[in-house]
Amino acid sequence: MNFKGAHIISVRDFGKEDLLYILDCAARMEEKPRPALMTGLVMASLFFEPSTRTRLSFESAMRRLGGSVVGFSSPKATSLAKGESLKDTIRMVEAYSDVIVMRHPLDGSARVASEISHVPVINGGDGTNQHPTQTFLDLYTIRKCKGRLKGLKIGFVGDLKYGRTVHSLAEALKHFDAEMHFISLSQLRMPQTHLDDLAEHGVRYHETSDINEVIGLLDIIYVTRIQQERFPDPVEYEKAKGAFVIDRELLEKAKADLKVMHPLPRRDEIAEEVDETDHAVYFEQAHNGIPVRQAMLALVTGMME
Ligand code: CP
């Protein structure tokens, strides 16, 4: 695909070759810093929901390429608090910037913004739906730590219902002959629409609520936080929290080269004692946000081919 001017909204919009191309561009960014590549360009950083990694890594990526950043980390300090619509906000911000990075609590909001904006919109997470740049950095991390993407056995554990990073990553991995194991409580299962899509693409997948059944099979385990903020009923959250904890005792049953990933932030689903093991790659994963997001910013603004 032609990335110049493209909106980055959903992993569904990218084929296998596009994904590999993004990873190669990120590797080029990591190998060779380009401190003046985006000089004179402005990134708008519109975060309607809390974020540490996505917002700060995008802002850092832009600044390390010589560009500048405008934006907000909470809608309370903007005219949204006076009732301005998302559509009107985007109409304003497109005039102030060359690329927009947006996180918003509503599923589909990034697509709506992209239909209005004349500058590229990059989805930094829309509700429970998609988080495409997280997926790109997840793929980048998998390729770096396993040396390949093809044919891996990948477990997803935790909140598979509300976790947009799981939805996006499973979508991407269907291009790479992955065998997927979905480990969750029944009320937090992977949504049926995603499972149907995987089945249609011939992906081998299994569901279980017993992590001990599968831990020894896996090459990667992708752990997710129970998304408290998305539960309509707090009692349901209380029932679900703490159901799965990755600790050293569990990892004794795993392959020696199992890698533990997590999009972060974590609560208690990975014990801190795991941080010092060779299994842990979640901090490296977050650091990979810089070259991957540098590549995305440079590609959509036409500064990298
Ligand atoms: N992984 C991720 O999206 O983290 P933040 O919510 O801190 O941006």
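This report concerns the structure included in the present document. Source: prediction; values computed, not measured.

**Some points on the overall build of the chain**
Here is step 1 of the chain: Tallying secondary structure elements over the chain gives twelve helices and nine strands in all.
Here is step 2 of the chain: The C-alpha atoms of the chain give 19 Å as radius of gyration, which agrees with the globular expectation for 305 residues (19 Å, within 12%).
Here is step 3 of the chain: For the C-alpha atoms alone, the extent of the chain along its principal axes is close to 55 × 45 × 40 Å.
Here is step 4 of the chain: Taking all 305 residues of the chain together, 57% fall into the buried category.
Here is step 5 of the chain: Of the contacts formed within the chain by residues at least 6 apart in sequence, a portion of 73% connects residues at least 24 apart.
Here is step 6 of the chain: Accessible surface for the chain amounts to roughly 13000 Å². Of this, 49% is attributable to carbon and sulfur atoms.

**A word on the sheet that holds strand S7 (residues 204-208)**
Here is step 1 of the chain: Strands sit in the order S7-S6-S5-S8-S9 across an open sheet of five strands; the sheet is parallel. Two strands lie at the open edges of the sheet, namely S7 and strand S9 (259-261), each paired on one side alone. Each strand axis lies, on average, 20 degrees off the axis of its neighbour in the sheet, ignoring direction.
Here is step 2 of the chain: Where strand S8 (residues 220-223) and S9 come together, three bridges link them in parallel fashion. By the bridge assignment for S9, Ile221 is matched with Val260.
Here is step 3 of the chain: Relative to the sheet, helix H6 (residues 164-173) contacts strand S5 (153-157), strand S6 (179-183) and S8, its axis offset from that of S5 by approximately 165 degrees.
Here is step 4 of the chain: Taken strand by strand, helix H7 (residues 192-200) contacts S6 and S7, and its axis lies near 150 degrees from that of S7.

**Focus: the nonpolar core**
Here is step 1 of the chain: Ile122, Phe156, Met180 and Leu297 are the most contacted members of the largest nonpolar core, which has 59 residues in total.
Here is step 2 of the chain: Residue contacts for Ile122: discarding those within four places in its chain leaves Ile8, Phe58, Val99, Ile100, Val101, Met102, Thr133, Met296, Leu297 and Val300.
Here is step 3 of the chain: Membership of the second largest hydrophobic core comes to 20 residues, among which are Leu218, Leu251, Leu264 and Val274.

**Description of the sheet that holds strand S1 (residues 42-47)**
Here is step 1 of the chain: Taking strand neighbours across the sheet as the criterion, the four strands line up as S2-S1-S3-S4 in an open arrangement whose pairing is parallel. The open sheet has two free edges, formed respectively by strand S2 (68-72) and strand S4 (121-126), since each of these has just one partner strand. Across the sheet, the mean angle separating the axes of adjacent strands is 15 degrees when strand polarity is ignored.
Here is step 2 of the chain: Of the pairings in the sheet, the one linking S1 to strand S3 (residues 99-104) comprises five bridges and is parallel in character. Paired with Ser45 across the strands is Val101, a residue of S3.

**Description of the site of the ligand**
Here is step 1 of the chain: In the region of the ligand, the neighbouring residues are Ser51, Thr52, Arg53, Thr54, Arg103, His131, Gln134, Pro263 and Leu264.
Here is step 2 of the chain: Within the contact set of the ligand, an oxygen atom lies 2.9 Å away from a side-chain nitrogen or oxygen of Arg103.
Here is step 3 of the chain: Between the ligand and the protein, one listed contact pairs a nitrogen atom with a backbone N or O atom of Leu264 at 3.1 Å.
Here is step 4 of the chain: A breakdown of the residues in the shell around the ligand according to their chemical character gives two nonpolar, five polar and two charged.

**Overview of unusual backbone geometry**
Here is step 1 of the chain: The omega angle of the peptide bond from Leu264 to Pro265 is 5 degrees, so this bond is cis rather than trans.
Here is step 2 of the chain: Position of Pro265 among the secondary structure elements: in the loop between S9 and helix H11 (282-287).
Here is step 3 of the chain: Despite not being glycine, Asp177 shows a phi value in the positive range, around 55 degrees.
Here is step 4 of the chain: When you line up the elements, Asp177 lands in the loop between H6 and S6.
Here is step 5 of the chain: One non-glycine residue, Leu264, lies in positive phi territory at about 65 degrees.
Here is step 6 of the chain: Position of Leu264 relative to the elements: it lies in the loop between S9 and H11.

**Some words on the side chain of His194**
Here is step 1 of the chain: For His194, the location among the structural elements is in helix H7.
Here is step 2 of the chain: With residues up to four places along the chain from it excluded, the contact list for His194 reads Arg12 and His167.

**Section: helix H1 (residues 16-31)**
Here is step 1 of the chain: For H1, spanning 16 residues, the distance from its first C-alpha to its last is 23 Å, which sits close to the expected 22 Å at 1.5 Å a residue.
Here is step 2 of the chain: For H1, every residue scored as buried is listed here: Asp18, Leu19, Ile22, Leu23, Cys25, Ala26, Ala27 and Met29.
Here is step 3 of the chain: Among the structural elements, helix H5 (132-146), H6 and helix H12 (289-300) are those in contact with the buried residues of H1.

**Comments concerning the packing of aromatic side chains**
Here is step 1 of the chain: In the structure shown here, the tally under the stated rule is ten aromatic pairs.
Here is step 2 of the chain: With 5.4 Å between their ring centres and 85 degrees between their planes, Phe14 and Phe136 make a pair best called edge-to-face. With Phe14 in the segment before H1 and Phe136 in helix H5, this residue pair connects regions lying 122 residues apart in the sequence.
Here is step 3 of the chain: Aromatic pair Phe156 and Phe182: ring centres 5.4 Å apart, planes at 20 degrees, arrangement stacked. With Phe156 in strand S5 and Phe182 in strand S6, this residue pair connects regions lying 26 residues apart in the sequence.
Here is step 4 of the chain: A relative accessible area of 0% means that Phe156 is categorised as buried.

Parameters at a glance
- Residues numbered from 1 in each chain as written.
- Predicted model: local features only at pLDDT ≥ 70, side-chain atom pairs only at ≥ 80, totals over all residues.
- Heavy atoms only, no water.
- Helix = DSSP H or I, 4+ residues; strand = E, 2+ residues; numbered from the N terminus.
- Rg over C-alpha atoms; globule rule 2.2 N^0.38 Å.
- Buried < 20%, exposed > 50% of the residue type's maximum accessible area, 1.4 Å probe, protein only.
- Contact = heavy atoms within 4.5 Å.
- Areas by Shrake-Rupley, 256 points an atom, 1.4 Å probe, with all protein chains shown as cover.
- Pairing = 2+ DSSP bridges.
- Axes fitted to C-alpha atoms, helices over the stretch in contact; angles between N-to-C directions.
- Core = buried A, V, L, I, M, F, W, Y, C linked by side-chain atoms within 4.5 Å.
- Near = heavy atom within 4 Å.
- Polar contact = N/O pair within 3.5 Å; in protein donor to acceptor, adjacent residues only side chain to side chain.
- Nonpolar A, V, L, I, M, F, W, Y, C, P; charged D, E, K, R; others polar.
- Expected span 1.5 Å × (residues − 1).
- Phe/Tyr/Trp six-rings, centres within 6.5 Å; stacked < 30°, edge-to-face > 60°.

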